[in-house]
Amino acid sequence: MNEAQSDTQKEFRALLHAQRVWDVPLPSFDPSAAPSAPLPLFHSWFADAVAAGQTEPHTMTLATADAEGRPDVRTLMLHDADERGWHFATHTTSAKGRQLAARPDAALGFYWPAQGRQVRVRGTASPASREESRADLRARSTGALAAALTGSQSEVLPALDALVRASEAAWERAVAEPDAEAVTWTRYVVEPREVEFFQGDGRRRHVRLRYRREGAAWTRELLWP
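Residues numbered from 1 in each chain as written. Predicted model: local features only at pLDDT ≥ 70, side-chain atom pairs only at ≥ 80, totals over all residues. Heavy atoms only, no water.

Caption draft 1: Representation of the overall build of the protein in the model. A count of helices and strands for the protein gives six helices and nine strands. Taking all 225 residues of the protein together, the buried fraction comes to 35%. Expressed as a percentage of contacts within the protein between residues at least 6 apart in sequence, the contacts between residues at least 24 apart total 65%. Total accessible area on the protein is roughly 13,300 Å²; 53% of this is exposed by carbon and sulfur atoms. Computed over 28 positive and 30 negative side-chain charges, the inter-centroid distance for the protein is 6 Å. (Helix = DSSP H or I, 4+ residues; strand = E, 2+ residues; numbered from the N terminus. Buried < 20%, exposed > 50% of the residue type's maximum accessible area, 1.4 Å probe, protein only. Contact = heavy atoms within 4.5 Å. Areas by Shrake-Rupley, 256 points an atom, 1.4 Å probe, with all protein chains shown as cover. Lys, Arg positive; Asp, Glu negative; His and termini not counted. Charge placed at Lys NZ, Arg CZ, Asp CG, Glu CD.)

Now the structure itself:
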């Protein structure tokens, strides 16, 4: 490492180590009062995050594995959370779509720093019906429809000009045909096996409550932070 690289590394580390977390009052969490299933608690925590002014509380990370078993992760939007599981959508031809077709195990992560909270979901991702996927696409904004119509997600892009041309054509079609269909657009549902709720604490006495599915019921257990 030359001197310039060394100085840049020092600057980065100084900046990194100067960052702080949870410089706001954090809510308390009594796990003994938690519901018997994770979904009602998730709904409640999501509403709390919105009320606390959390930016984009509906964003989450999705972890999958490729054909060689190597992990992959990205950020995307939650489309629903109901009795079936946690919903998102993508193209079946995208990297995550191909990975889920080969290995349906998936993990989701939500982080709401405004309240020092995380939620982790582990389970199996399954495609929803074609009708539900069509409805999902129709419910999205014109821009989201245009992005779906652009297609080629995760493929190699030869130049930015190619993206601009494809995007402009997709926007024109999305405006002219609001019910246009992107045949590879698919809604997925992650059916949970485990759901963990993490409440941060300023003294690092974090509370971790994990739900584990056992048949049709859920078992609750605390984890060391």
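Let's pick the thread back up.
Caption draft 2: Highlighting the environment of T186. One can find T186 in strand β7 (residues 185-199). Distance from T186 to P25, taken between C-alpha atoms, is 40 Å for residues 161 residues apart in sequence. Setting aside chain neighbours within four positions, we find T186 in contact with F88, A89, T90, T92, P127, R130 and S133. Among the polar contacts listed, one links the side chain of T186 to the backbone oxygen of T184, at a separation of 3.2 Å. (Polar contact = N/O pair within 3.5 Å; in protein donor to acceptor, adjacent residues only side chain to side chain.)

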